[in-house]
Amino acid sequence: QVQLVQSGAEVKKPGASVKVSCKASGYTFTSNGISWVRQAPGQGLEWMGWITVYNGKTDHAQKFQGRVAMTTDTSTSTAYLELRSLTADDTAVYYCARHLSRSLDYWGQGTLVTVSS
Amino acid sequence: DVVMTQSPLSLPVTLGQPASISCRSSQSLVYSDGNTYLNWFQQRPGQSPRRLIYKVSNRDSGVPDRFSGSGSGTDFTLEISRVEAEDVGVYYCMQGTHWPWTFGQGTKVEIK
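Residues numbered from 1 in each chain as written. Chains lettered and ligands numbered in written order. Predicted model: local features only at pLDDT ≥ 70, side-chain atom pairs only at ≥ 80, totals over all residues. Heavy atoms only, no water.

Asks: I'm lost on the overall build of chain A in this one. Help?
Replies: Scanning chain A from N- to C-terminus turns up zero helices and 11 strands. If you list the helices and strands of chain A from N to C, you get β-β-β-β-β-β-β-β-β-β-β. Over its C-alpha atoms chain A spans a radius of gyration of 13 Å, differing by no more than 12% from the 13 Å that the globule rule assigns to 117 residues. With the principal axes as the frame, chain A shows a C-alpha extent of 40 × 25 × 25 Å. Partitioning the contacts of chain A with sequence separation of at least 6, the portion at a separation of at least 24 is 52%. In the structure as shown, chain A presents an accessible area of about 5,400 Å², 47% of it carried by carbon and sulfur atoms. Side chains of chain A carry 11 positive and 8 negative charges; the gap between the two charge centres is 2 Å. (Helix = DSSP H or I, 4+ residues; strand = E, 2+ residues; numbered from the N terminus. Rg over C-alpha atoms; globule rule 2.2 N^0.38 Å. Contact = heavy atoms within 4.5 Å. Areas by Shrake-Rupley, 256 points an atom, 1.4 Å probe, with all protein chains shown as cover. Lys, Arg positive; Asp, Glu negative; His and termini not counted. Charge placed at Lys NZ, Arg CZ, Asp CG, Glu CD.)

Asks: How do you make sense of the sheet that holds strand β1 (residues 3–6) of chain A when you look at a structure like this?
Replies: The strands making up a sheet are joined through hydrogen bonds of the backbone, oriented either antiparallel or parallel. Residue and element names in this part refer to chain A. As summarised here, the arrangement of the four strands in space is β1-β3-β8-β7, forming an open sheet in which the pairing is antiparallel. The sheet terminates laterally at β1 and β7 (68–73), the two strands that pair on one side only. Each strand axis lies, on average, 20° off the axis of its neighbour in the sheet, ignoring direction. Where strand β3 (residues 18–25) meets strand β8 (residues 78–83), six bridges bridge the pair, whose relative direction is antiparallel. Note on β8: the bridge partner recorded for Val-18 is Leu-83. (Pairing = 2+ DSSP bridges. Axes fitted to C-alpha atoms, helices over the stretch in contact; angles between N-to-C directions.)

Asks: Would you explain the nonpolar core in this entry?
Replies: Counting residues in hydrophobic clusters, the biggest one holds 26 residues, and the most contacted among them are Ile-34, Trp-36, Met-48 and Leu-83 of chain A. When residues of this core are assigned to their parent elements, the largest contribution, four residues, is made by β3 of chain A. Beyond its immediate chain neighbours, meaning those up to four positions away, Ile-34 of chain A contacts Leu-4, Tyr-27, Phe-29, Gly-49, Trp-50, Ile-51, Val-53, Ala-79, Cys-96, Ala-97, Arg-98 and His-99 of chain A. Counting 22 residues, the second largest nonpolar core, distinct from the first, contains Val-13, Val-56, Val-63 and Val-109 of chain B. (Core = buried A, V, L, I, M, F, W, Y, C linked by side-chain atoms within 4.5 Å. Buried < 20%, exposed > 50% of the residue type's maximum accessible area, 1.4 Å probe, protein only.)

Asks: How should unusual backbone geometry be read in this particular structure?
Replies: Keep in mind that most residues, glycine aside, have a negative phi and that most peptide bonds are trans. Residue Pro-8 of chain B is bonded to the preceding Ser-7 of chain B through a cis peptide linkage, with omega at -5°. Summarising the element assignment, Pro-8 of chain B is placed in the loop between β1 (4–7) and β2 (10–13). Although it is not a glycine, Ser-85 of chain A adopts a positive phi angle of roughly 50°. Here Ser-85 of chain A is to be found in the loop between β8 and β9 (92–99). Look at Ser-85 of chain A and you get partly exposed, because its relative accessible area is 43%. Positioned with a positive phi, Ser-101 of chain A is a non-glycine residue whose angle comes to about 45°.

See below:
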C-alpha cells in the first residue's frame, strides 16, 4: 500500500533553515510527483509547490520564491523540502502528498516545524 | 491565483441529518483536456487530510457512499446524506486546474 512517512518534528531559530524528508513506499517513486502543503496552527491548507520526480522539475507558489528548495533522492524514494530564512510565520505542520491526475491522493503524517527564539 | 470560497465556514449538524458545503472558484476549473480538477478533502482532528472526491464527483476507494460531489464550472458542492459522528472535522475543496493549486478556507463540521 502507498505510504509517505515524514521526518520528525523540528525546532529552529529565526533565520535558520529546515529540511523535511518524505519517504515513499508501495509504488514506483518516479511515476508520480510530490507536492508540499503546509498548515499553520489552527489555519487552513496552503500549497507550497511540487516536484516532478522523474526529471526533478519544480514549481512553487510565488510567496516562497528564493526560500524553498524541493529535491528527491530516487535511490531511497525520498523527497525533501528545504525552507530557508525561517520566521515565526513559518511555524506550521508541513505535509508531503503524492500527485495523481492533478490531485493529491496520498498524504504523509505531517512534520511540525516550530520557529522560535 | 484562483480563489476558492467555501460556505459555510462552520456547519453544526444533527446526527443522521444531511449536510451540504459549497465551494466557488474565481475562474472556471475546466482544464484544456476537458476535465474539471476539483477535489474535496476531509481532515479529522489531529489527522492528515484525506481525499474524498476527485474530478468533482469521483469518490475515492473506501469513502462511504453517503459522501457525494457535484457541480461544474465555478460552482461545486459536497453533500453528506446522513452525517455520522466520524464525519466531524474540516472539509476543504482544492482546485488542480490552474497553477498554483489553491484550497478553500475549510468548513468545520460539528455535531449539534
